[in-house]
Amino acid sequence: MPLVRIRCRLLHLQLLLLLLSSAVTGNSGDEGALLAFKAKISHHFGVLDSWNQSASHCNWEGVTCSKRHPSRVVALDLSAQGLTGTIFPAIGNLTFLLSVNLSTNALQGEIPPSIGSLRRLQRIDLSENMLTSVIPSNISLREMYIFSNKGLQGSIPAEIGNMPSLSVLMLFNCSITGTMPPSLGNISRLTKLSLSMDYPYLAVLQLSINNLSGSLPPSLLSNGPTYRLSIYLSVYKDSLFLVNRTVVTQCSLQFLESFPYSSTVFFP
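Source: prediction; values computed, not measured.

All right, on to the side chain of R72 then. Within the secondary structure layout, R72 lies in the loop between β2 (63-65) and β3 (73-77). Owing to a relative accessible area of 18%, R72 belongs among the buried residues under this scheme. Among all residues touching R72, those that are not within four sequence positions of it are D30, T64, C65, S66, T95 and F96.

Let us look at the pattern of salt bridges. Here the structure, examined in full by the defined rule, presents 2 salt bridges. In this structure, R72 engages D30 in a salt bridge whose closest nitrogen and oxygen atoms are separated by 3.1 Å. One end of the pair, R72, is in the loop between β2 and β3; the other, D30, is in helix α1 (residues 2-39), with 42 residues separating them in the sequence. You'll find R72 and D30 in the same group, each marked buried.

Counting 48 residues, the largest nonpolar core has M144 and L169 as its most contacted members. Listed by contribution, the elements that provide at least two residues to this core are α1, β2 and β3. Residue contributions to this core peak at 3 residues, all from α1. Setting aside anything within four residues of it in sequence, one finds L169 in contact with M144, I160, L184, L190, K192, L193, S194 and L195. Core analysis: the second largest hydrophobic core is formed by 5 residues, Y145, F147, V168 and M170 among them.

Taken as a whole, this structure holds 3 aromatic pairs when the rule is applied. Plain terms: the ring middles of F37 and W51 are 6.1 Å apart, the flat faces sit at 40° to each other, and that makes the pair tilted. Here F37 is found in helix α1, whereas its partner W51 is found in the loop between β1 (41-43) and β2, with 14 residues between them in sequence. On the basis of relative accessible area, F37 is assigned to the buried category, the value being 2%. Ring geometry for F147 and F172: centres 4.6 Å apart, planes at 10°, overall stacked.

What counts, and at which threshold
- Residues numbered from 1 in each chain as written.
- Predicted model: local features only at pLDDT ≥ 70, side-chain atom pairs only at ≥ 80, totals over all residues.
- Heavy atoms only, no water.
- Helix = DSSP H or I, 4+ residues; strand = E, 2+ residues; numbered from the N terminus.
- Buried < 20%, exposed > 50% of the residue type's maximum accessible area, 1.4 Å probe, protein only.
- Contact = heavy atoms within 4.5 Å.
- Salt bridge = Lys/Arg side-chain N within 4 Å of Asp/Glu carboxyl O.
- Core = buried A, V, L, I, M, F, W, Y, C linked by side-chain atoms within 4.5 Å.
- Phe/Tyr/Trp six-rings, centres within 6.5 Å; stacked < 30°, edge-to-face > 60°.

Quick look at the structure:
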């Protein structure tokens, strides 16, 4: 009988250790990802000084954890903190992330494709940095702000059309080339497209400071004869063709502007 009790107690102890081990692993997963991110930041004006193991990572500057799932990071906001360095791919291990804001810093390098593994991510703001390479094609978001990254090249990924919930897409003032993918016509919930189709909520279309060419998709401006749409074609060195005069008239355009240093707006 005493032997049976000893075995039961040992079993309970093993289960308790297993539970504790799982909890620690979950914590170190997010904490480890944040520390790996910090390791690639070469300068931060002290904002990351709190990022050490003397306190819970949920209390670190710019980090917000879930109330429902304690220790899981749901938001990272380090905007305008003077960060220099690169975005480490380990950010893709923060699988509970809903929002990332690293805007207005001096971050360099590529936008890590590992961000595409963040299936809960709804909003990303990497604007006004020094990022290079291309826009990842494997992400799905509601709001994407990547404007004012002069080194960002390549074309607009056609896969963006597979984001049915996308409402904001801000890509102006980069070095994007190529044509506007027809798949943009699949995104009916867009409210801001800075670079709708039947975009019933679209109020602003900005295509400024890129190197886009080709025609606007026919459905881009077919949002009804009574809707007011502001179109800004302050497009540095761009050659964009509006579909035809009839569509423009039907849209009751409020503004159709061509700012200094922009090319001619053509009406086929």
